[in-house]
Amino acid sequence: MMTTGIRSWFERKTVRAATAAALALVAGSCAFENGPARHLEVSLLSPPEATVTTDLGWEVTLESARLFVHEVTFLTGEEDASAASGHTHASLTLALETEPGAIGTLRLAHSHGTTETSAAATKVGELLVDRAVDLLAAPVDLGRALFACGAEAVEARILVAPPEGSEPSMHGGGLYLAGTAVPPGGGDPVSFEAALAVGAEASIAGLDIDADDEPALEIHVPRSGWFDGIDFAALPGGLLEDGTEPAEALEELLLHEGFHVHLAGE
C-alpha cells in the first residue's frame, strides 16, 4: 500500500536527517537551507473522549491509539499528482465546514498502486517527527518545525506509515488501535485490536501560514466515525485485519478527514 513517494522518502531519510541536524545547529543564527530561519512549535491534538457510540450502536472504548508520523513538510506553490499505474483516490474536504477554526482544506493523494508526483511547490518548513504519537495523550508536543524566515506556507504534507525499524508499540503498523466494544443493548464486551499499515501522505492545502507572525501550529486528528459500520462480533478473534473492508474504511476516514491544521489556540 506504500506509494513511490514514501519509498523514495525512506531512501532520502539519512541525508535529510543529517541536513536537519546541521540546520538545527545554525538555527540560532538562523539558516534554512540558504537563508535565515526560525522555529515554530507544532503540537498534535485529538479528542480526549476515549468512548464513542457507533452508528451500529456499539459502545467503543479505546485503550490504545497510536499513529506513526514520519515527517511534516510545509510548502508554498501548487502540486499536480497523477497515477502512473494502479489506482488513486482523490478527495477534497472543506475543513472550514467540518471543523470550526481550521485554516485549510484536506486533499488526499492516496494510491493503491504506483504514483508519480510532479510538484511545483517549494519547501519552506520541515518537522522530522519519526515516532509513535499517542493520540489518547493529546495534546502531544511534536517538536519545533524549522521555517524559512519571511515564508508563507500554503500546504502541509503529513507522512504516515509504519516505522522503518523496530517499534514494539506500533505492532508493525502506521496506525495501532486496541480497546473494547460493548454490543448494542449491552452484553459482554468484545476486545479488539488493529495494526493498519496506512502508508500514505495526506496533503492539507489552502493554508495561510506566515512563519514570521505565528507562534505555534496545531495538527488536529478528530477521530470522527472511525468505528462506524464495524460489527465487532464478526471480527475473527477480535482482530481488525489490515486489507479488509472495515480496515480500509477506517484508513480512508483517517486520511480523507483525519487531519486539520490550526493556528495555536484557534
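Residues numbered from 1 in each chain as written. Predicted model: local features only at pLDDT ≥ 70, side-chain atom pairs only at ≥ 80, totals over all residues. Heavy atoms only, no water.

Once that is clear, we can look at the nonpolar core. Ranked by size, the top nonpolar core spans 55 residues in total, and within it Phe-147, Phe-227 and Phe-259 carry the most contacts. Broken down by element, the residue count for this core peaks at seven residues, all from strand β3 (residues 59-76). (Core = buried A, V, L, I, M, F, W, Y, C linked by side-chain atoms within 4.5 Å. Buried < 20%, exposed > 50% of the residue type's maximum accessible area, 1.4 Å probe, protein only. Helix = DSSP H or I, 4+ residues; strand = E, 2+ residues; numbered from the N terminus.)

Right, let's talk about the environment of Thr-54 for a bit. Looking at where Thr-54 falls in the secondary structure, it is placed in the loop between β2 (51-53) and β3. Look at Thr-54 and you get buried, because its relative accessible area is 7%. In this structure, the C-alpha to C-alpha distance between Thr-54 and Gly-225, residues 171 residues apart in sequence, is 7.1 Å. Contact partners of Thr-54, with chain neighbours within four places excluded, come to Val-60, Phe-227 and Asp-228. (Contact = heavy atoms within 4.5 Å.)

A surface patch of like charges, here negative, comprises Glu-152, Asp-208, Asp-212 and Asp-213. Mapped onto the fold, Asp-213 is located in the loop between β13 (200-210) and β14 (216-220). (Patch = residues over 30% accessible without salt bridge, like charges linked within 9 Å, V, L, I, M, F, W, Y side chains within 5 Å. Areas by Shrake-Rupley, 256 points an atom, 1.4 Å probe, with all protein chains shown as cover. Salt bridge = Lys/Arg side-chain N within 4 Å of Asp/Glu carboxyl O. Lys, Arg positive; Asp, Glu negative; His and termini not counted. Charge placed at Lys NZ, Arg CZ, Asp CG, Glu CD.)

Moving on to the pairing of β3. Most of β3 sits out of view: 14 of its 18 residues are buried. Inspection of the sheet shows β2 paired to β3 by three bridges, in the antiparallel sense. For Val-52, the partnering residue across the bridge sits in β3 and is Val-60. Hairpin connection from β2 to β3: five residues lie between these consecutive antiparallel strands, with Gly-57 at a positive phi of about 90 degrees. Note that β3 and strand β11 (residues 175-182) share eight bridges and pair antiparallel. Among the inter-strand pairings, Leu-62 is bridged to a residue of β11, identified as Gly-179. The sheet contact formed by β3 and strand β8 (residues 122-134) spans 10 bridges and is antiparallel. The partner of Thr-76 across the bridge, within β8, is Thr-122. Two strands pair when backbone bridges link them, and β3 and strand β10 (residues 152-160) are joined in this way by six bridges, in the antiparallel orientation. From the neighbouring strand, Glu-71 faces β10, where its bridge partner is Leu-159. (Pairing = 2+ DSSP bridges.)

A few words on the packing of aromatic side chains. If you walk through the whole model with that rule in mind, you get five aromatic pairs. Taking the centre distance of 5.6 Å and the plane angle of 65 degrees together, the rings of Phe-192 and Phe-227 count as edge-to-face. Taken together, the residues span a long stretch of sequence, with Phe-192 in strand β12 (residues 190-196) and Phe-227 in the loop between β14 and α3 (245-257) at a distance of 35 residues. Judged by relative accessible area, which is 5%, Phe-192 ranks as buried. Pairing Phe-227 with Phe-232 gives two aromatic rings, centres 6.2 Å apart and planes at 45 degrees, and the pair type is tilted. For the residue pair Phe-227 and Phe-232, the accessibility class agrees, reading buried in each case. An aromatic cluster of at least three residues, connected via ring pairs, comprises Trp-58, Phe-192, Phe-227 and Phe-232. (Phe/Tyr/Trp six-rings, centres within 6.5 Å; stacked < 30°, edge-to-face > 60°.)

The next subject is α3. Under the 1.5 Å per step criterion, the end-to-end length of α3 is 18 Å for 13 residues, consistent within 8% with the ideal 18 Å. Listing the buried residues of α3 in full gives Ala-247, Leu-250, Glu-251, Glu-252, Leu-254, Leu-255 and His-256. (Expected span 1.5 Å × (residues − 1).)

Right, let's get into the confidence of the model for the protein. Counting all residues, the mean pLDDT for the protein is 75, and 70% of those residues have values of 70 or more. In this model residues 1-31 is a low-confidence stretch, pLDDT under 50, and it forms 53 contacts with partners more than four residues away in sequence or in other chains. Counting contacts from residues 79-119, a segment whose pLDDT is below 50, to residues more than four positions away or on other chains yields 114 contacts. (pLDDT = per-residue confidence, 0-100.)

Another point: the environment of Pro-183. Inspection of the secondary structure assignment puts Pro-183 in the loop between β11 and β12. Taking the C-alpha atoms as reference points, Pro-183 and Ala-233, 50 residues apart in sequence, are found 8.0 Å from one another. Pro-183 has contacts with Gly-57, Trp-58, Asp-188 and Pro-189, leaving out every residue within four places of it along the chain.

Moving on, we get to the pattern of salt bridges. Applying the stated rule across the entire model yields three salt bridges. One salt bridge connects Glu-41 with Arg-144, and the closest N-O pair in it is separated by 3.4 Å. Within this pair, whereas Glu-41 is found in strand β1 (residues 37-45), its partner Arg-144 is found in strand β9 (residues 140-148), the two being separated by 103 residues in sequence. In this structure, Lys-123 and Glu-126 form a salt bridge, with 3.3 Å as the shortest nitrogen-oxygen distance. Judged by its relative accessible area of 27%, Lys-123 falls in the partly exposed class. Note on Glu-126: relative accessible area 9%, which makes it buried.

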